[in-house]
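Structure assessment
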Amino acid sequence: MSSRTTIADVATHFGVSKSKVHSMKREGVIKRVSNTIKPYLTEKNKKERLKWCMSMLDPGSVPHDPIFKGLFDYVFIDEKWFFITRKTERCYSIPGEVEPIRTCKNKNYIPKIQILTALARPRFDTDGRCTFDGKIGCFAFVTYEPAKRSSVNQPTGTIEMKPIQSITKDVMRAFMIEKVLPAIRAKWPREDASKPIYIQQDNAKPHVAPNDRLFCEAAKQDGFDMRLVCQPANSPDLNILDLGFFNSLQSIQHKKSAKTTKELVAVVDSVMFNFFYSIEYLTCALEYYELTS
């Protein structure tokens, strides 16, 4: 593969001219493809994935006409780093236009913030009106502290927003109990408030264990029954956020201008709650298990 990454490489590989390669590409003899690295799955991983997919079958439909559950009782959570800007930006310009100068002290340390996102499947009534958009919220891992010294931007004592660079289990537990659970209680459809709600997460080390005592006590408050479940290892494709939502969110976020981390949080939050659900995305939550199994 490494010897066929460009038109010139292909021409050298086949011993023909570059124009001949262009003709071959135009005629469909060869085509350009992208190859991405996939998570390595052990035999144990494969069995766990299969068990997970089997557990998502509707018990009433097995074994004669098996169908997957609607997943209306699931909330998907995951974290992602959002950067203020990318190292390289592409745009179209007109002749004579001055190219903007973008600067950063170190391009390997572009300001960023980690944000926890919670998303559920949208619901619609019989007339097609959205009754629940599924957007639980975006929660930035930040702290607010008074400025210790004055600067050209702010006087001493001004409340500053600072990113939490190290996400520990205690930090994750606090965010789950103080932010995610209250948001679910506030936005979950009232008719299903008494039914179990499953919060699906991956197996990252800082994540709270499903049997964590403090979390379980908080999850039972106000008549709710929320339960943590962990998706199979090495399976980001079993989470709707990793499956495509984060990519869509970030692509729109990069079209906005954010100069500070505070503005970045506001942009991501705004993009999240103005995100348009396409028909393909609405059906994705129901179909992704079938695609991956």
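Scroll up to find the structure.
Below or above, wherever it landed, is the structure these notes cover. (Residues numbered from 1 in each chain as written. Predicted model: local features only at pLDDT ≥ 70, side-chain atom pairs only at ≥ 80, totals over all residues. Heavy atoms only, no water.)

1. A short note on the overall build of the protein
In terms of regular secondary structure, the protein is built from eight helices and nine strands. Considering only C-alpha atoms, the protein reaches an extent of 70 × 70 × 45 Å along its principal axes. Counting all 293 residues of the protein, 37% fall into the buried class. Sequence-distant contacts, at least 24 apart, represent 67% of the contacts inside the protein between residues at least 6 apart. Counting only carbon and sulfur atoms, one obtains 54% of the accessible surface of the protein, whose full area is about 19000 Å². In the protein, 44 side chains carry a positive charge and 33 a negative one; their mean positions are 7 Å apart. (Helix = DSSP H or I, 4+ residues; strand = E, 2+ residues; numbered from the N terminus. Buried < 20%, exposed > 50% of the residue type's maximum accessible area, 1.4 Å probe, protein only. Contact = heavy atoms within 4.5 Å. Areas by Shrake-Rupley, 256 points an atom, 1.4 Å probe, with all protein chains shown as cover. Lys, Arg positive; Asp, Glu negative; His and termini not counted. Charge placed at Lys NZ, Arg CZ, Asp CG, Glu CD.)

2. Observations concerning the packing of helix α1 (residues 7–14) against helix α2 (residues 18–27)
In contact at an axis separation of 9 Å, α1 and α2 are set at 100° when each is read in the N-to-C sense. Relative to α2, the element α1 lies roughly perpendicular. Contact residues: Ile 7, Ala 8, Val 10 and Ala 11 in α1; Lys 18, Val 21 and His 22 in α2. Considered class by class, the residues forming the contact of α1 with α2 number five nonpolar, one polar and one charged. (Axes fitted to C-alpha atoms, helices over the stretch in contact; angles between N-to-C directions. Parallel < 35°, antiparallel > 145°, perpendicular 65-115°, else oblique. Nonpolar A, V, L, I, M, F, W, Y, C, P; charged D, E, K, R; others polar.)

3. Some details on the side chain of His 207
Note on placement: His 207 falls in the loop between β8 (196–201) and α5 (213–219). When sequence neighbours within four positions are dropped, the list of residues in contact with His 207 reads Glu 79, Lys 169, Met 172, Gln 201 and Asp 202.

4. Structural notes on the environment of Ser 270
Within the secondary structure, Ser 270 sits in helix α7 (residues 261–273). Ser 270 sits in the partly exposed class, given a relative accessible area of 38%. A C-alpha to C-alpha distance of 27 Å links Ser 270 and Ala 219, two positions 51 residues apart in sequence.

5. Some details on the sheet that holds strand β2 (residues 112–120)
Within the open sheet, the five strands sit side by side as β5-β2-β1-β8-β9. Their pairing is mixed. Of all the strands in the sheet, the pair left with one neighbour each is β5 (135–140) and β9 (225–230). Taking the axes of each pair of neighbouring strands and ignoring which way they run, one obtains an average angle of 25° across the sheet. Sheet contacts for helix α4 (residues 169–187): β1 (74–83), β2, β5, β8 and β9; angle to β5, the most-contacted strand, approximately 155°. (Pairing = 2+ DSSP bridges.)

6. Considering the packing of aromatic side chains
Taken as a whole and judged by the stated rule, the model has five aromatic pairs. Arranged with centres 6.4 Å apart and planes meeting at 80°, the rings of Phe 82 and Phe 246 form a pair that is edge-to-face. Within this pair, whereas Phe 82 is found in strand β1, its partner Phe 246 is found in helix α6 (residues 240–253), the two being separated by 164 residues in sequence. An identical accessibility class is assigned to Phe 82 and Phe 246; each is buried. (Phe/Tyr/Trp six-rings, centres within 6.5 Å; stacked < 30°, edge-to-face > 60°.)

7. Some remarks on the layout of surface pockets
Of the voids in this model, the largest pocket is the one considered here, and its volume is about 940 Å³. Forming the boundary of the largest pocket are 29 residues, of which Thr 85, Arg 86, Glu 89, Pro 100 and Arg 102 lie nearest the centre. Of the residues assigned to the lining of the largest pocket, the class counts are 10 nonpolar, eight polar and 11 charged. In this model, the second largest pocket occupies a volume close to 520 Å³. Lining the second largest pocket are 15 residues; nearest its centre among them are Arg 4, Val 10, Lys 31, Arg 32 and Val 33. At the level of elements, α1 and α2 are the ones that each hand at least two residues to the lining of the second largest pocket. (1 Å grid on protein atoms, 1.4 Å probe; cavity = no way out; pocket = protein on both sides within 12 Å on 5 of 7 lines; lining within 4 Å. Points joined across faces, edges and corners; volume = space filled by probe spheres on them.)

8. As for α4
For α4, built from 19 residues, the straight-helix expectation of 27 Å at 1.5 Å per residue is met to within 8% by its first-to-last C-alpha distance of 26 Å. Along α4, the largest kink reaches about 35° and is centred on Met 176. (Expected span 1.5 Å × (residues − 1). Bend = angle between axes of the 7 residues up to and from the residue.)

9. A few points about the pattern of salt bridges
This model, assessed by the stated rule, comprises 14 salt bridges. Across the salt bridge formed by Asp 222 and Arg 185, the nearest N and O atoms sit 3.9 Å from each other. In this pair, Asp 222 is assigned in the loop between α5 and β9 and Arg 185 in helix α4, connecting sequence segments 37 residues apart. Overall, Asp 222 belongs to the exposed group, its relative accessible area being 65%. On the basis of relative accessible area, Arg 185 is assigned to the buried category, the value being 12%. Asp 225 is paired through a salt bridge with Arg 227; the nearest N and O atoms lie 2.7 Å apart. Its relative accessible area of 13% is what places Asp 225 among the buried residues. (Salt bridge = Lys/Arg side-chain N within 4 Å of Asp/Glu carboxyl O.)

10. Comments concerning the side chain of Asp 212
Residue position: Asp 212 is located in the loop between β8 and α5. When its relative accessible area of 13% is taken as the criterion, Asp 212 is described as buried. Polar side-chain contacts of Asp 212 include one of 3.3 Å to the backbone nitrogen of Leu 214. (Polar contact = N/O pair within 3.5 Å; in protein donor to acceptor, adjacent residues only side chain to side chain.)

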